[in-house]
Every structure is written in structure tokens, then in C-alpha cells.
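As a plain string of letters, each chain reads:
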Amino acid sequence: MTDLPPRTRGVIALLEQNCTVCMICARECPDWCLHITSHTETVQEPGSMRPRQRNVLDRFAIDYGQCLYCGICVEVCPFDALHWAPDFDYPGTGTLDGSGAVAELVYERPALGEWVAAVPPPPPLDPAAEPAPEATQRGGRPGR
């Protein structure tokens, strides 16, 4: 892989275990390229009196033929389930002989999950920034 500029956008990777099927990414997508389906299951948590309903992800697909690569879905995900992966070699972009149809630009969750391994770590925090609230001794905001 070649060296890419730090803010390069490749493909969107899905960290499936973080996805709660809240659908915020699909609602905020300006071109509706995210296709998500789910169902609910009743789960009895240990120590809980009543069973709880839990969303289970059935399908998470991105149609890269429609995607604007705007990154809104990555930014609005409250559970860090979507990340930019610096991968540009995915098939379906077409070739001179006509192979690589647009239908090949729809990627399902197994392929999206494979790209998570290529997601670079976040940049280090600014040393002049205030410490995170959870990093302080009492767990509250600094100065409290």
C-alpha cells in the first residue's frame, strides 16, 4: 500500500460488534446509500427481572456507486461502528473491457468488516488539551 495523506478517505469499514442498529447513519446519509435491516430479539439478562428487547443486525450494506464519500455516517455514529479505511483496491470500479459492473459496488457487512483491520489508529491527542473527564481522579470535570 502506498503512503497516503493523513486525512485520505478510502472506504467505510464496519466494526459490527459496535453497531446497535440505531439507524442514525442511514437517516443522516444524504444519498441513502446505506441499506440496513434488523430484527429484535428478547434477551433475559442475568440479574434482570424483565427480559429486554435487543436489536440484531441482519444486513448492513453500502452502495459505493451512490456514496458521496462525505463521511457524515462516520461522524454521526455514536458507537464508533463506522471508520474510514485506507483501501482503494476494491473491485467494481470498472475496467476498460466493461467488467466490474455497478452491482459489484454494493458491499455487504462481511466485506465491510474485513476493512476494519486496515483502519489506522486515531491521531494522538493534543498535549495542550484539557485531560478527559474520565482521566481525572474523581471522574468528574477538572476543577470540580
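Everything that follows concerns the structure shown earlier in this document.
Fair warning: this is a prediction, and the values are worked out from it, not measured in the lab.

J.: Give me the sheet that holds strand 5 (residues 106-107): which residues, what numbers.
T.: Strand order in this open sheet of three strands is 2-3-5, and the pairing throughout is antiparallel. With partners counted over all chains shown, the strands left at the sheet margins are strand 2 (34-43) and strand 5, one partner each. In terms of strand pairing, strand 2 meets strand 3 (residues 52-63) through ten bridges, oriented antiparallel. When the bridges of strand 3 are listed, threonine 42 appears paired with glutamine 53.

J.: Pulling in residues and values, what's your account of the state of the cysteines?
T.: Disulfides are covalent bonds that link the sulfur atoms of two cysteine residues. In this structure the tally under the stated criterion is zero disulfides. Unpaired in terms of disulfides, cysteine 19 finds its nearest cysteine sulfur in cysteine 25, a separation of 6.5 Å. With no disulfide of its own, cysteine 33 lies 3.7 Å from the sulfur of cysteine 29, the closest cysteine sulfur. According to the relative accessible area criterion, cysteine 33 is buried, its value standing at 3%.

J.: How would you summarise the side chain of aspartate 63 if you had to cite specific residues and measurements?
T.: Its place among the elements puts aspartate 63 in strand 3. It turns out aspartate 63 is buried and unbridged, and the closest side chain with the opposite charge, arginine 59, is 8.2 Å from it. Every residue in contact with aspartate 63, bar those within four places of it in the chain, is listed here: Cys33, His35, Leu105 and Val106.

J.: Which residues make up empty space enclosed by the protein, and what values go with them?
T.: Under the definition given, this model contains two cavities of 30 Å³ or more. Quantified by volume, the largest cavity comes out at close to 90 Å³. What lines the largest cavity is a set of 14 residues, and nearest its centre among them are Cys19, Val21, Cys22, Cys25 and Cys77. Looking at the lining of the largest cavity residue by residue, the classes come out as twelve nonpolar, two polar and no charged. Taken as a whole, the second largest cavity holds about 70 Å³ of empty space. Lining the second largest cavity are 13 residues, and of these Cys29, Cys67, Cys70, Gly71 and Cys73 lie nearest its centre.

J.: How would you sum up the packing of aromatic side chains? Please name residues and give values.
T.: Applying the stated criterion across every chain, the model contains four aromatic pairs. Ring geometry for tyrosine 64 versus tyrosine 69: centroids 5.9 Å apart, planes at 25°, classification stacked. Note on tyrosine 69: relative accessible area 23%, which makes it partly exposed. Here tyrosine 64 and tryptophan 115 contribute two aromatic rings whose centre-to-centre distance is 6.2 Å and whose plane-to-plane angle is 75°, an arrangement assigned as edge-to-face. With a gap of 51 residues between them, tyrosine 64 in the loop between strand 3 and helix 2 (72-76) and tryptophan 115 in the segment after helix 3 (109-114) connect regions that are remote in the sequence. Here tyrosine 64 falls in the buried class, since its relative accessible area comes to 4%.

Analysis parameters
Residues numbered from 1 in each chain as written. Predicted model: local features only at pLDDT ≥ 70, side-chain atom pairs only at ≥ 80, totals over all residues. Heavy atoms only, no water. Pairing = 2+ DSSP bridges. Helix = DSSP H or I, 4+ residues; strand = E, 2+ residues; numbered from the N terminus. Disulfide = S-S within 2.5 Å. Buried < 20%, exposed > 50% of the residue type's maximum accessible area, 1.4 Å probe, protein only. Lys, Arg positive; Asp, Glu negative; His and termini not counted. Salt bridge = Lys/Arg side-chain N within 4 Å of Asp/Glu carboxyl O. Contact = heavy atoms within 4.5 Å. 1 Å grid on protein atoms, 1.4 Å probe; cavity = no way out; pocket = protein on both sides within 12 Å on 5 of 7 lines; lining within 4 Å. Points joined across faces, edges and corners; volume = space filled by probe spheres on them. Nonpolar A, V, L, I, M, F, W, Y, C, P; charged D, E, K, R; others polar. Phe/Tyr/Trp six-rings, centres within 6.5 Å; stacked < 30°, edge-to-face > 60°.

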